[in-house]
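Here is what each chain is made of, one letter per residue.
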Amino acid sequence: MDEGLKALNKAIELKPNDADSMVYLNLMYRQKAEIDTDEETRQADLKQAEDWVNKALAARKAGTAHGSSEAAPSASQ
């Protein structure tokens, strides 16, 4: 799990507005929180997850997101 977090953080370092990496970081922190035994660490991981999903949403809303998912056509078109 730590290697996955490290790789995703590196992806964000290389592409700071990569919303897809931000979303995956959110998921990784949520998964990590599932296996945490310490409640304080669990809450910190959930906070990190929430922060990353909010950053991803902000990047997509601002139109600065890099990645493949924002280029996909919406179902309402």
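The sections below set out a description of the structure shown in this document. (Residues numbered from 1 in each chain as written. Predicted model: local features only at pLDDT ≥ 70, side-chain atom pairs only at ≥ 80, totals over all residues. Heavy atoms only, no water.)

## A short note on the pattern of salt bridges
Logical step 1: For the structure on display, the rule yields 7 salt bridges.
Logical step 2: The residue Lys32 makes a salt bridge to Asp45 at a minimum N-O spacing of 3.0 Å. Linking Lys32 in helix H2 (residues 19-35) with Asp45 in helix H3 (residues 39-62), this pair joins segments that are 13 residues apart in sequence. Each member of the pair Lys32 and Asp45 is classed as buried.
Logical step 3: Linked through salt bridges whose partners overlap, the residues forming this network are Lys32, Asp36 and Asp45. (Salt bridge = Lys/Arg side-chain N within 4 Å of Asp/Glu carboxyl O. Helix = DSSP H or I, 4+ residues; strand = E, 2+ residues; numbered from the N terminus. Buried < 20%, exposed > 50% of the residue type's maximum accessible area, 1.4 Å probe, protein only.)

## A closer look at the environment of Asp18
Logical step 1: Within the secondary structure, Asp18 is located in the loop between helix H1 (2-14) and H2.
Logical step 2: Asp18 gets classed as buried once you look at its relative accessible area, which sits at 11%.
Logical step 3: Through-space distance from the C-alpha of Asp18 to that of Leu8 is 9.9 Å; in sequence the pair is 10 residues apart.
Logical step 4: Within the local environment of Asp18, its side chain forms a polar contact with the side chain of Ser21, the two groups lying 2.7 Å apart. (Polar contact = N/O pair within 3.5 Å; in protein donor to acceptor, adjacent residues only side chain to side chain.)

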